[in-house]
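Each chain, letter by letter, is given below.
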Amino acid sequence: MTDALDFQQRLSAYLTEASGAPATVTHAAPLAGGASRDMWLIDAEVGGEALKLVLRRDSPTTMLDEALTREQEFGLMQAAHADGIRVARPRWLCTDVDVLGAPFFLMDYVPGIAIGRKVVQAPELAEARALLPAQMAEQLGKIHALDYRAHGIDFLPEPAEGHTPIQDAIDQARGVLDALQIKHPAFEFALRWAEQNAPSSERLTVIHGDFRIGNLIVNANGLAAIADWEFSHIGDPLEELGYCCMRDWRFGVRHLRLGGVGDREPFLQAYERIAGTTIDRQAVDYWECLGNVRWGIICLAQANRHLSGHEPSVELASLGRRSAEMQYEMLRLIEQMGI
Amino acid sequence: MYDRPDLSELLDAVRMHLEDQIIPAVKPDPRLYFHTLVAINLLKIAGRELVYRDAHLQAAWQRLNALEDTDKARPADAQEAMDALALRSDQLCAAIRHGDYDYEVKRAALFEHLLQSTREQLEVASPRHLQILQQEDAAS
């Protein structure tokens, strides 16, 4: 308990300084889920006002080198919030590692459910689910319209000079395998297939990078807030349309390709109306497949965080054996598109 | 050589302890509860690996022989065979990257090998997932 008390006292002192008003953290509890970041639910009184906040802190090791820092993620959320995108209001950023051992930020708590299985299956969310496909299309349209230069968020990773977003994605995936010294025939084949069957990219936009059921906070009115912005980058918006259709984000409701909440076609049509553009369905298929390749490889990288001894975790370890699910899906999708 | 419980029975004993004693006790702590469920699942995976490993090793070895049109003998010792299989897998990766499997007949044969290897991984890691997808594929 001394650790918990110390955590609260340090955070109280920080909030007092950051807000310029007397602040007390009255309760702090870890939030479940999320293998990549340390998250806490915080009750605080700041200048006499009761606030419910979420604290997001770096883990000892990061998932991928490409992930944004907490400072960058905070800046991006501010830009998104300013443009009316549904995101928790970002409040305070602390880059001083002496306060809580690692950089962190605080944002408003948004009531609702993010746990994927509950979002797609809970009976009380049936009406919310009906709203989600159109809301997801609308929010993606807004994210893809963010002017990253105007908002001072030009730190977002861009495709390397002369590279398409697909080349970059493939290089990154290969880089992860090579860095872990993993030789894996199924991924090797899939990456070669992906190189040889790449569609062209028409647009470059801001990409959320992990937009899917499980990262969307849902309440009775549907999509309340989009969480987890750390994998945001500049890329092909079709990446994101394929990504949110991946089987792993359907959480058991297998016949609804859009995250277990809707059919894909109405979602794509809604997106086309909002973005004022026509979407190549085959290119979306391709990105869905590449999404499985990348997620399957990240699962191996996650397991390695445990195996390296730096971050012992049964959850991280388990992802190593989950990778096969993504491998099977990527192979099935390749078969459907033509090997 | 060793007294019972054997390896599989040891895994079962630990899994049953987690399921019957620990799960009810950690239910109030969502994170600990979730991690305990994950741990139980990993013990089940380990148990299935014990059952399937020899058969999968043998099948993979024979598929690689067919794919590479050779008749290499498998080392009798299981660990040596696993190491040898890993080495052949590495060589297969290099061949794929080199473009050796870019053309139709070899490509299709490679694809079948990869699909079957992945199915065997899932028989150990997630048999229910595999079963559901195979039913879906059969229905369509």
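Please refer to the structure placed before this passage.
To keep things clear, this report deals only with the structure shown in the data block. (Residues numbered from 1 in each chain as written. Chains lettered and ligands numbered in written order. Predicted model: local features only at pLDDT ≥ 70, side-chain atom pairs only at ≥ 80, totals over all residues. Heavy atoms only, no water.)

Digging into the overall build of chain B
Argument step 1. Along the backbone of chain B there are five helices and zero strands.
Argument step 2. Going from the N terminus to the C terminus, chain B shows its helices and strands as α-α-α-α-α.
Argument step 3. Computed over the C-alpha atoms, the radius of gyration of chain B is 20 Å, more than 25% above the 14 Å expected from 2.2 N^0.38 for a compact globule of 140 residues.
Argument step 4. Summarising its shape, the C-alpha atoms of chain B cover approximately 55 × 45 × 25 Å along the three principal directions.
Argument step 5. Within chain B, the proportion of its 140 residues that are buried is 34%.
Argument step 6. On chain B, roughly 8700 Å² of surface is accessible, and the fraction owed to carbon and sulfur atoms is 56%.
Argument step 7. In chain B, which carries 16 positive and 24 negative side-chain charges, the distance between the mean positions of the two groups comes to 4 Å. (Helix = DSSP H or I, 4+ residues; strand = E, 2+ residues; numbered from the N terminus. Rg over C-alpha atoms; globule rule 2.2 N^0.38 Å. Buried < 20%, exposed > 50% of the residue type's maximum accessible area, 1.4 Å probe, protein only. Areas by Shrake-Rupley, 256 points an atom, 1.4 Å probe, with all protein chains shown as cover. Lys, Arg positive; Asp, Glu negative; His and termini not counted. Charge placed at Lys NZ, Arg CZ, Asp CG, Glu CD.)

Digging into the environment of Gly209(A)
All names here are of chain A.
Argument step 1. Here Gly-209 lies in the loop between strand E6 (205–207) and strand E7 (216–219).
Argument step 2. For Gly-209, a relative accessible area of 15% puts it in the buried group.
Argument step 3. Spatially, the C-alpha atoms of Gly-209 and Glu-240 are 6.8 Å apart, while their sequence positions differ by 31 residues.
Argument step 4. Excluding anything up to four places from it in sequence, Gly-209 contacts Phe-231, Ser-232, His-233, Glu-240 and Tyr-243. (Contact = heavy atoms within 4.5 Å.)

Let's talk about helix H9 (residues 264–275) of chain A
All names here are of chain A.
Argument step 1. For H9, built from twelve residues, the straight-helix expectation of 16 Å at 1.5 Å per residue is met to within 8% by its first-to-last C-alpha distance of 16 Å.
Argument step 2. Those residues of H9 not exposed but buried are Arg-264, Phe-267, Leu-268, Ala-270, Tyr-271 and Glu-272.
Argument step 3. Buried-residue contacts for H9 involve helix H5 (126–144), helix H8 (237–243) and helix H10 (281–307).
Argument step 4. Directly beyond the C-terminal end of H9, a positive phi value near 65° is found at Gly-276. (Expected span 1.5 Å × (residues − 1).)

Topic: the pattern of salt bridges
All names here are of chain A.
Argument step 1. Taken as a whole, this structure holds 39 salt bridges over all chains when the rule is applied.
Argument step 2. Arg-264 is paired through a salt bridge with Asp-285; the nearest N and O atoms lie 2.7 Å apart. Taken together, the residues Arg-264 in helix H9 and Asp-285 in helix H10 connect sequence positions 21 residues apart. For the pair formed by Arg-264 and Asp-285, the shared burial category is buried.
Argument step 3. Among the ionic pairs, Arg-305 bridges to Glu-311, the shortest N-O distance being 2.8 Å.
Argument step 4. With relative accessibility at 11%, the residue Glu-311 sits in the buried group.
Argument step 5. Salt bridges sharing partners connect three or more residues here, namely Arg-56, Asp-58, Arg-70, Glu-73, Asp-228 and Glu-230. (Salt bridge = Lys/Arg side-chain N within 4 Å of Asp/Glu carboxyl O.)

Thoughts on the interface of chain B and chain A
Argument step 1. Between chain B and chain A, the residue contacts involve 39 residues of the former and 32 residues of the latter.
Argument step 2. Per-residue buried area on chain B facing chain A is highest for Arg97(B), Arg107(B) and Phe111(B); these three make up 20% of the total on that side.
Argument step 3. Inspection of the region where chain B meets chain A yields seven salt bridges.
Argument step 4. Joining chain B to chain A, the criterion identifies 15 residue pairs in polar contact (both at pLDDT 80 or more).
Argument step 5. Mapped onto the side of chain B that touches chain A, the elements with two or more residues apiece are helix H2 (30–68), helix H3 (78–98), helix H4 (104–125) and helix H5 (127–139) of chain B.
Argument step 6. A per-element tally of the side of chain B that touches chain A places H4(B) first, with 13 residues.
Argument step 7. The class makeup of the residues in the side of chain B that touches chain A is 20 nonpolar, nine polar and ten charged. (Buried area = accessible area lost by both parts, 1.4 Å probe. Polar contact = N/O pair within 3.5 Å; in protein donor to acceptor, adjacent residues only side chain to side chain. Nonpolar A, V, L, I, M, F, W, Y, C, P; charged D, E, K, R; others polar.)

A few points about the nonpolar core
Residue and element names in this part refer to chain A.
Argument step 1. Counting 109 residues, the largest nonpolar core has Met-136, Ile-213, Trp-229, Leu-241, Phe-267 and Leu-290 as its most contacted members.
Argument step 2. Examining the composition of this core, we find that 13 residues originate from one element, H10, more than from any other.
Argument step 3. Structurally, this core is a two-domain feature, drawing no fewer than three residues from each of domain 1 (2–108) and domain 2 (132–213 + 233–337).
Argument step 4. Residue contacts for Met-136: discarding those within four places in its chain leaves Phe-211, Ile-213, Leu-216, Leu-223, Cys-244, Leu-258, Val-261 and Phe-267.
Argument step 5. Counting 20 residues, the second-largest nonpolar core is a separate cluster that includes Tyr-14, Leu-15, Leu-53 and Trp-92. (Core = buried A, V, L, I, M, F, W, Y, C linked by side-chain atoms within 4.5 Å. Domains from an automatic or database assignment.)

Some points on unusual backbone geometry
Argument step 1. Here Arg4(B) and Pro5(B) are connected by a cis peptide whose omega angle stands at 5°.
Argument step 2. When you line up the elements, Pro5(B) lands in the segment before helix H1 (7–26).
Argument step 3. Phi angles above zero are rare outside glycine, and Gln181(A) is one such case at about 55°.
Argument step 4. In this structure, Gln181(A) sits in the loop between helix H6 (165–179) and helix H7 (185–196).
Argument step 5. Among the residues examined, Gln181(A) registers a relative accessible area of 72% and is labelled exposed.
Argument step 6. The phi dihedral of Phe251(A) is positive, around 45°, even though this residue is not glycine.

Some points on the packing of aromatic side chains
Argument step 1. One pass over the structure, following the stated rule, counts eight aromatic pairs over all chains.
Argument step 2. Put simply, the rings of Trp193(A), Tyr286(A) and Trp287(A) touch in pairs and so form one group of aromatic residues.
Argument step 3. Geometry around Trp249(A) places Arg212(A) over its ring, the cationic atom sitting 3.8 Å from the centre.
Argument step 4. Directly above the ring of Trp61(B) sits Arg88(B), whose terminal nitrogen or CZ lies 4.6 Å from the centroid. (Phe/Tyr/Trp six-rings, centres within 6.5 Å; stacked < 30°, edge-to-face > 60°. Lys NZ or Arg CZ within 6 Å of the ring centre and 35° of its normal.)

Structural notes on H2(B)
The α-helix winds at 3.6 residues per turn, so residues separated by three or four positions along the chain end up facing the same way.
Argument step 1. Its 39 residues give H2(B) an end-to-end C-alpha distance of only 50 Å, which falls more than 12% under 57 Å, the value for a rise of 1.5 Å per residue.
Argument step 2. Count one or two residues on from H2(B) and you reach Asp69(B), which has phi positive near 55°.

Digging into the environment of Val14(B)
Residues and elements named next belong to chain B.
Argument step 1. With respect to the helices and strands, the residue Val-14 is situated in helix H1.
Argument step 2. Judged by its relative accessible area of 43%, Val-14 is partly exposed.
Argument step 3. For the pair formed by Val-14 and Ile-40, sequence separation is 26 residues and the distance between their alpha carbons is 8.6 Å.

Comments concerning a nonpolar patch on the surface
All names here are of chain B.
Argument step 1. Together, Leu-7, Leu-10, Leu-50, Val-51 and Tyr-52 make up an exposed nonpolar region whose accessible area comes to about 450 Å².
Argument step 2. For the nonpolar patch, the secondary structure elements donating two or more residues are H1 and H2.
Argument step 3. Take the nonpolar patch: its biggest share by element is three residues, from H2.
Argument step 4. Mapped onto the elements of the fold, Tyr-52 is located in helix H2. (Patch = residues over 30% accessible without salt bridge, like charges linked within 9 Å, V, L, I, M, F, W, Y side chains within 5 Å.)

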